[in-house]
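Listed here are the chains, written in short residue letters.
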Amino acid sequence: MKILIIGFEYLPVKVGGLAEAITSIATGLRKLGNEVVVFTPDHGRGLGEVVGSFNVSAFGESIGITVRKRVEQGVTVYSLGGGLLSEPDVYGPNWEALLRKTVLFGKASVGLMNELIGEFKPDVIHAHDWHVVFALGLLKKYFGIRSIFTVHRLNRARISSEYFREANLGELAPYPELDPEHTAGYVADAVTTVSRSYLWEEWEFFKNFDGKVTHVFNGIDCSFWNEELMETKDLPREERRRLVLERFGLRDGTTFMFIGRFDRSQKGVDTLLHAIEILSSDPIFEGMRFLIIGKGDPELEKLARALQNRFPENVRVITELLSRETVRELYGSVDFVVIPSHFEPFGLVQLEAMCLGAIPLGSSVGGIKDTIVDLNLDPENATGLLVPPGDALALARAMVEAAGLDGETLERLRKNGRKRGREEFTWEKACRRYLKVYEGAVDRAVPFLR
Ligand code: NHF
């Protein structure tokens, strides 16, 4: 099949999990023998060789567009630069600039497609997240190609219809303000999201496209998230843990790690801080260690540091950027990884942890719920523990339960986790299912069959 992928992030350009997902999907589809082309903004990176240029009129001026091309793992990546497409802040520097960038990307995508169509006519266009709504609408309008829209995370923005008129898509904007995710879903022939639970949690949105909605789970790259590649792979796990804790100036103890963005709406670091506070009055706390890794909301960073100051023997807050390799060493050394998200379309952390033998304690939402098998629901096949989101007391209790598990149970959880990560959630599986979506040969989310 000939597949065109459009998205705002493609590795090495990475802001969040989106980059990892789009790149893995593109390379996975290529490995399955498809021809895969990607259109993405250049974001001032200048990656690849210049292969063309043309002008686009937008916002009352003529903007020179530069097309760069590179081939990575068999995938042809075109990056479009010029005007705001060369702005290095992927989603910035402000909302107005981002909207203009999305319109310009749409118009420039049509210019590039016009150049390529003689040699490369896609069978399907796969659009990722709302930023490509104009590109999707315009490619559909001018080339009539079957298209798929994937929601990685609902953003629920409102955009003035002016931007649709500026994009030459006035016909899609009957109201003064529109939700671009809604428009993208309306334009697409199929709509997908990255886990089954997220789809149903957000049915209020997805029901608008009832009949063409399904889920495709993301995957995990266990060839990288692999214990065999660890520097300390020959040491027993307890020894690795001792060394990691020593590095952060802590004595040995049962270790819980959080890694993620410090924000209030999604990642739930606030719930974790509260849970640690609750635990601090329990005698078991003395033997517990918490590594809290991430950055973001300055208020939350301050709260986390205050907790570290109060409990210097137990808590370490790490706000520096760690390499993927270092994070791998940590996953392979700590006992538990906590994922207290308030919502999570898929979430990669729980699977990265599972691949490296760290046991996940996660909120029972979205992709976390679909990937972790809860010890209290299915002890034989369990891979971790699930707790209700936003419930600090339940999380504190789960941490006490986890710290008290016997060696045999811990080993079973680890073994099941590794197997589930490596066999159930592969990118190859995800890509095979996307191919079915492209062909319309996939099961749908049906509200009366839930
Ligand atoms: O894993 C890639 C990622 C998801 O849960 C994640 C999210 C954004 O919030 O699909 O997209």
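This text follows the structure it describes.
Cut-offs and rules
- Residues numbered from 1 in each chain as written.
- Predicted model: local features only at pLDDT ≥ 70, side-chain atom pairs only at ≥ 80, totals over all residues.
- Heavy atoms only, no water.
- Helix = DSSP H or I, 4+ residues; strand = E, 2+ residues; numbered from the N terminus.
- Rg over C-alpha atoms; globule rule 2.2 N^0.38 Å.
- Buried < 20%, exposed > 50% of the residue type's maximum accessible area, 1.4 Å probe, protein only.
- Contact = heavy atoms within 4.5 Å.
- Areas by Shrake-Rupley, 256 points an atom, 1.4 Å probe, with all protein chains shown as cover.
- Lys, Arg positive; Asp, Glu negative; His and termini not counted.
- Charge placed at Lys NZ, Arg CZ, Asp CG, Glu CD.
- Core = buried A, V, L, I, M, F, W, Y, C linked by side-chain atoms within 4.5 Å.
- Salt bridge = Lys/Arg side-chain N within 4 Å of Asp/Glu carboxyl O.
- Polar contact = N/O pair within 3.5 Å; in protein donor to acceptor, adjacent residues only side chain to side chain.
- Near = heavy atom within 4 Å.
- 1 Å grid on protein atoms, 1.4 Å probe; cavity = no way out; pocket = protein on both sides within 12 Å on 5 of 7 lines; lining within 4 Å.
- Sits in = over half its atoms within 2 Å of the grid points.
- Nonpolar A, V, L, I, M, F, W, Y, C, P; charged D, E, K, R; others polar.
- Domains from an automatic or database assignment.
- Pairing = 2+ DSSP bridges.
- Axes fitted to C-alpha atoms, helices over the stretch in contact; angles between N-to-C directions.

**As for the overall build of the chain**
Piece 1. Scanning the chain for helices and strands turns up 16 helices and 17 strands.
Piece 2. For the chain, the C-alpha radius of gyration of 23 Å lies close to 22 Å, the compact-globule estimate for 450 residues.
Piece 3. For the C-alpha atoms alone, the extent of the chain along its principal axes is close to 65 × 45 × 45 Å.
Piece 4. Residues classed as buried in the chain amount to 59% of the 450 residues present.
Piece 5. Summarising the internal contacts of the chain: among those between residues at least 6 apart in sequence, 68% fall at separations of at least 24.
Piece 6. Here the chain displays about 18,400 Å² of accessible surface, and carbon together with sulfur accounts for 49% of that area.
Piece 7. Distance from the positive charge centre (55 side chains) to the negative charge centre (63 side chains) of the chain: 2 Å.

**Some words on the nonpolar core**
Piece 1. Counting 61 residues, the largest nonpolar core has Leu4, Ile6, Phe39, Ile65, Phe105 and Phe206 as the members making the most contacts within it.
Piece 2. Residue contributions to this core peak at 10 residues, all from helix 2 (residues 95–116).
Piece 3. With sequence-adjacent residues up to four places away left out, Ile65 is seen in contact with Gly52, Ser53, Phe54, Asn55, Val56, Leu80, Gly81, Leu85, Leu104 and Ala108.

**Brief notes about the side chain of Glu9**
Piece 1. Looking at where Glu9 falls in the secondary structure, it is placed in the loop between strand 1 (2–6) and helix 1 (17–31).
Piece 2. Of the side chains with opposite charge, Lys14 lies nearest to the buried Glu9, which makes no salt bridge, at 6.6 Å.
Piece 3. A distance of 3.2 Å separates a polar atom in the side chain of Glu9 from the backbone nitrogen of Gly16.
Piece 4. Looking at Glu9, its side chain comes within polar contact range of the main-chain nitrogen of Ala19, at 3.4 Å.

**A closer look at the site of the ligand**
Piece 1. Neighbouring residues of the ligand: Gly17, Ala21, His152, Arg153, Val194, Asn218, Gln266, Glu344, Pro345, Phe346 and Gly347.
Piece 2. Phe346 is positioned such that a nitrogen or oxygen atom in its backbone is 3.0 Å from an oxygen atom of the ligand.
Piece 3. A distance of 2.9 Å separates an oxygen atom of the ligand from a polar backbone atom of Gly347.
Piece 4. Protein chains shield 92% of the accessible area of the ligand, which is 290 Å² for the free molecule.
Piece 5. Its atoms largely coinciding with the cavity grid, the ligand occupies the largest pocket.
Piece 6. Counted by class, the shell around the ligand contains 4 nonpolar, 5 polar and 2 charged residues.
Piece 7. Among the domains, domain 1 (2–219 + 427–439) and domain 2 (227–423) are the pair contributing at least three residues each to the shell around the ligand.

**Regarding the sheet that holds strand 7 (residues 146–151)**
Piece 1. Overall, mixed pairing links the 9 strands, which are arranged 3-4-5-2-1-6-7-10-11 in an open sheet. Each edge of the open sheet is held by one strand with a lone partner, namely strand 3 (49–58) and strand 11 (213–215). Between one strand axis and the next, the sheet turns through 25 degrees on average, direction left out of account.
Piece 2. Of the strand pairs in this sheet, strand 4 (residues 61–72) and strand 5 (residues 75–81) are connected by 7 bridges, and their pairing is antiparallel. Note on strand 5: the bridge partner recorded for Arg68 is Ser79.

**Side note on the pattern of salt bridges**
Piece 1. For the structure shown, the criterion picks out 29 salt bridges.
Piece 2. Shared partners join several salt bridges into a network, and the residues in it are Glu227, Arg237, Arg240 and Arg418.

From the geometry alone we can't say anything about function, so treat these as descriptive.
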